[in-house]
Amino acid sequence: MTGISRRALLAAGAGMLMTRPLFAVGADGKPKRIVTIGSDVTEIVYALGAGASVVGRDSSSISPADAKALPDLGYFRSVGAEGILSLNPTMVIASASAGPPEALNHVAATGVPVVRMPDRFTAEVLLEKLRIAAEALGVVESGQALSARLQQALQAAQAEVQAMPGQPRALFLL
């Protein structure tokens, strides 16, 4: 070799591997090793059809049932960077209130994308969460279809409430 020793090339290659996620996306361009933090985030990822790619979740993520079999990283507001990184994720999707922030910042500093979802609780924000997750997962069409079904269900619920005597003025969705 001219000018560069084999040892220098190996060291440089090892350094690149340590700072860039391996196999961040598959041939289809979608993330392959996803960690979800936040029960709503986990349910959205599964609803978008990406559940098979989830490799870890927080302790509040108990639905769908398949998620309960995954490694539990602890309470969503007190996850550790080491636990997340031990799963070799190619993406972390987390609620905005997940943390501590330093742990997720550390994960992001290693090159693993960390997608933060808003944590306000309105129908509009739910649709925004669907859009953000669908874009991050590379399943925009599935996200649009799910969003349309959700909007129809919300409209049907609103119509049902409007038809009730006295028209209730509060609705609690969980």
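Residues numbered from 1 in each chain as written. Predicted model: local features only at pLDDT ≥ 70, side-chain atom pairs only at ≥ 80, totals over all residues. Heavy atoms only, no water.

Draft legend 1. View of the overall build of the chain. What the chain contains, in helices and strands, is 6 helices and 4 strands. Counted from the first residue to the last, the chain has its helices and strands arranged as α-β-α-β-α-β-α-β-α-α. Across the 174 residues of the chain, 34% fall into the buried class. Within the chain, residue pairs in contact and separated by at least 24 positions form 37% of the contacts whose partners lie at least 6 positions apart. Carbon and sulfur atoms make up 59% of the accessible area of the chain, which amounts to about 10,500 Å² in all. (Helix = DSSP H or I, 4+ residues; strand = E, 2+ residues; numbered from the N terminus. Buried < 20%, exposed > 50% of the residue type's maximum accessible area, 1.4 Å probe, protein only. Contact = heavy atoms within 4.5 Å. Areas by Shrake-Rupley, 256 points an atom, 1.4 Å probe, with all protein chains shown as cover.)

Draft legend 2. Region of the structure containing the packing of helix H2 (residues 39-47) against helix H5 (residues 123-137). It is the contact of H2 with H5, at a shortest axis distance of 10 Å, that shows an interaxial angle of 60°. One way to sum up the angle between H2 and H5 is to call them oblique. At the point where H2 passes H5, the crossing takes the right-handed sense. Here Asp-40, Ile-44 and Val-45 of H2 lie close against H5, whose contacting residues are Leu-126, Lys-129, Leu-130, Ala-133 and Leu-137. Looking at the contact of H2 with H5 residue by residue, the classes come out as 6 nonpolar, no polar and 2 charged. (Axes fitted to C-alpha atoms, helices over the stretch in contact; angles between N-to-C directions. Parallel < 35°, antiparallel > 145°, perpendicular 65-115°, else oblique. Left-handed = near helix turned anticlockwise from the far one by under 90°. Nonpolar A, V, L, I, M, F, W, Y, C, P; charged D, E, K, R; others polar.)

Draft legend 3. Here's a closer look at the pairing of strand S4 (residues 114-117). Only one face of S4 is covered, namely the one carrying Val-115 and Met-117; the face carrying Val-114 and Arg-116 has none of its residues buried. As judged from the 4 bridges shared by strand S3 (residues 91-95) and S4, these two strands associate in the parallel manner. Residue pairing in the sheet places Ser-95 in a bridge with Met-117 of S4. Between the parallel pair S3 and S4, the chain is carried across by helix H4 (residues 101-109), and the sense of this crossover is right-handed. (Pairing = 2+ DSSP bridges. Right-handed = clockwise from strand over helix to strand, strands pointing away.)

Draft legend 4. The arrangement of helix H6 (residues 140-162) in detail. For H6, which comprises 23 residues, the first-to-last C-alpha distance of 32 Å matches the rise-based estimate of 33 Å (1.5 Å per residue) to within 8%. All buried positions along H6 are accounted for by Gly-143, Leu-146, Ser-147, Leu-154 and Val-161. Contacts from the buried residues of H6 go to H2 and H5. (Expected span 1.5 Å × (residues − 1).)

Draft legend 5. Spotlight on the environment of Asp-72. Structurally, Asp-72 is set in the loop between strand S2 (54-57) and helix H3 (81-85). As for Asp-72 and Ser-59, which are separated by 13 residues in sequence, their C-alpha atoms are 5.5 Å apart. Setting aside anything within four residues of it in sequence, one finds Asp-72 in contact with Arg-57, Asp-58 and Ser-59. Here Gly-74 takes part through its backbone nitrogen, which lies 2.8 Å from a polar atom of the side chain of Asp-72. (Polar contact = N/O pair within 3.5 Å; in protein donor to acceptor, adjacent residues only side chain to side chain.)

Draft legend 6. Examining the side chain of Lys-129 more closely. Secondary-structure assignment places Lys-129 in helix H5. By relative accessible area, Lys-129 is classed as buried at 4%. Those residues in contact with Lys-129 that lie beyond four places of it in its chain are Asp-40, Ile-44, Met-117, Pro-118, Asp-119 and Arg-120.

Draft legend 7. Up close: the packing of aromatic side chains. Throughout the structure, instances matching the rule amount to 1 aromatic pair. Between Tyr-75 and Phe-76, the aromatic rings sit 5.1 Å apart at their centres with planes inclined by 65°, giving edge-to-face as the arrangement. On the basis of relative accessible area, Tyr-75 is assigned to the partly exposed category, the value being 44%. (Phe/Tyr/Trp six-rings, centres within 6.5 Å; stacked < 30°, edge-to-face > 60°.)

So far we have only geometry, and geometry alone does not tell us how the molecule works.
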